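Now for the letters of each chain:
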Amino acid sequence: MSTTLQTSSETFQLAGRVFTSRLIVGTGKYRSFEEMKAAHIASGAEMVTVAVRRVPLDRSSESFLDHLAPNLTILPNTAGCYTAQEAIRTARLAREALQTDLIKLEVIGDQVTLFPDNEQTLEAARVLVREGFTVLPYFTDDLIMAKKLLDVGCTAVMPLAAPIGSGLGVQNPANLAIMREQLPDATIIVDAGVGTASDAAVAMELGADAVLMNTAIAEARNAEQMARAMRLAIEAGRLAYLAGRMPKRLYASASSPLTGIVR
């Protein structure tokens, strides 16, 4: 195989589904359905997450569900749930209404920070995996919890970069790097906290398989332009990770070595 690395020829696989984009986008906070549609197209994303508890699944009234491109894979999420049982019920509802076994599992533990309750998340994951769901759990960037979630059968793990909607970017790069190193075969999707394109690139450079974001695009002054920037950042970060960065050094290293110099 050629040593030339092409991210465009790579595929990202999730539970037997094959994607060419490693960017997953959301549907909330957009100023209009038209803005959302334009941003989705510009992002190149092939998967979009939907908050089950915030949309009329019976289509009794107009919602963003009526404005999603037919080629997008819908990833329902249990946003707004604070207990394992609440999340389990929401996941079951999503499966019936949207005809998918995919579920982004969120169990929130604190109303101010929206940090996840890892213990309740693990409890819900056990049940949902047994019921045949493809579970993608959102949790703190904790290696031990990642291992536990994978051990109960989660298809991927989704550690946060920073609090939901904060736009702070990756706050604990060492945690994500360690997770990638210790779990080389796991699918790791960085979720929550990305604010701009450089944040997305950093997450991918640390070895994430994909990045999920919503607020960073939806609350940008120009959502369509930011979506395109995120698309390019994801591709650049992935290519940099595959290429392998140079080592960091405490002191300078001449770009033109002295060996072989004309004297």
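Right above here is the structure, for reference.
Summary of the structure given here. (Residues numbered from 1 in each chain as written. Predicted model: local features only at pLDDT ≥ 70, side-chain atom pairs only at ≥ 80, totals over all residues. Heavy atoms only, no water.)

Section: the pattern of salt bridges
For the structure on display, the rule yields six salt bridges. Salt-bridge contacts for Arg31 lead to Glu35; the nearest nitrogen and oxygen are separated by 2.8 Å. On the accessibility criterion, Glu35 (17% relative accessible area) is buried. Asp209 is paired through a salt bridge with Arg180; the nearest N and O atoms lie 2.9 Å apart. Taken together, the residues span a long stretch of sequence, with Asp209 in the loop between α6 (197-205) and β10 (210-213) and Arg180 in helix α5 (residues 173-182) at a distance of 29 residues. Taken as a pair, Asp209 and Arg180 share a single burial class, namely buried. Ionic contacts of the salt-bridge type, sharing partners, join the residues Lys104, Glu106 and Asp191 into one network. (Salt bridge = Lys/Arg side-chain N within 4 Å of Asp/Glu carboxyl O. Buried < 20%, exposed > 50% of the residue type's maximum accessible area, 1.4 Å probe, protein only. Helix = DSSP H or I, 4+ residues; strand = E, 2+ residues; numbered from the N terminus.)

Regarding the pairing of strand β7 (residues 134-139)
Burial analysis of β7 places six of its six residues in the buried class, which makes it a mostly covered element. Judged by which residues are buried, β7 turns out to be covered on both faces: Thr134, Leu136 and Tyr138 on one side and Val135, Pro137 and Phe139 on the other are all buried. In this fold, the crossover linking strand β6 (residues 102-105) to β7 by way of helix α3 (residues 118-130) has right-handed handedness. Sheet topology places β7 next to strand β8 (residues 158-159); two bridges connect them, and they run parallel. Each bridged residue has a counterpart across the sheet, and for Phe139 the counterpart in β8 is Pro159. (Right-handed = clockwise from strand over helix to strand, strands pointing away. Pairing = 2+ DSSP bridges.)

Concerning the packing of aromatic side chains
Scanning the model with the defined rule gives one aromatic pair in all. Aromatic side chains Phe12 and Phe19 sit 6.2 Å apart centroid to centroid with 40° between the ring planes, which places their arrangement in the tilted category. Like Phe12, the residue Phe19 is buried in the burial classification. When the ring centre of Phe133 is taken as reference, the NZ or CZ atom of Arg95 above it lies at 3.9 Å. One residue, Lys104, lies across the ring of Tyr138, its end atom 5.7 Å from the ring centre. (Phe/Tyr/Trp six-rings, centres within 6.5 Å; stacked < 30°, edge-to-face > 60°. Lys NZ or Arg CZ within 6 Å of the ring centre and 35° of its normal.)

Quick notes on the environment of Gln85
Inspection of the secondary structure assignment puts Gln85 in helix α2 (residues 84-98). Of the residues examined, Gln85 reaches a relative accessible area of 42% and is grouped as partly exposed.

Focus: the side chain of Ser43
Note on placement: Ser43 falls in helix α1 (residues 33-43). One polar contact links the side chain of Ser43 to the main-chain carbonyl oxygen of His40, over a distance of 2.7 Å. If sequence neighbours within four positions are ignored, Ser43 has contacts with Leu23, Val25, Ala227 and Arg231. (Polar contact = N/O pair within 3.5 Å; in protein donor to acceptor, adjacent residues only side chain to side chain. Contact = heavy atoms within 4.5 Å.)

Focus: helix α8 (residues 223-243)
Structurally, the α-helix is built with 3.6 residues per turn, so residues lying three or four positions apart point the same way. An ideal rise of 1.5 Å per residue puts 30 Å on 21 residues; α8 measures up with 30 Å between its terminal C-alpha atoms. Where α8 is buried, its residues contact β3 (23-25), α1, α6, β10 and α7 (215-218). Looking at where α8 begins, the residue whose side-chain oxygen comes 3.2 Å from the main-chain nitrogen of Glu224 is Asn222. (Expected span 1.5 Å × (residues − 1).)

What to know about the packing of α6 against α8
Put simply, α6 and α8 touch, their axes get as near as 7 Å, and they point 25° apart. Judged by the inter-axis angle, α6 sits roughly parallel to α8. When you trace α6 past α8, the crossing you get is right-handed. Residue-level contacts link Ala197, Ala200, Ala201, Met204 and Glu205 of α6 to Met226, Ala229, Met230, Ala233, Ile234, Gly237, Arg238, Ala240 and Tyr241 of α8. For the contact of α6 with α8, the class distribution of residues is 11 nonpolar, one polar and two charged. (Axes fitted to C-alpha atoms, helices over the stretch in contact; angles between N-to-C directions. Parallel < 35°, antiparallel > 145°, perpendicular 65-115°, else oblique. Left-handed = near helix turned anticlockwise from the far one by under 90°. Nonpolar A, V, L, I, M, F, W, Y, C, P; charged D, E, K, R; others polar.)

Geometric values such as these leave the question of function open.
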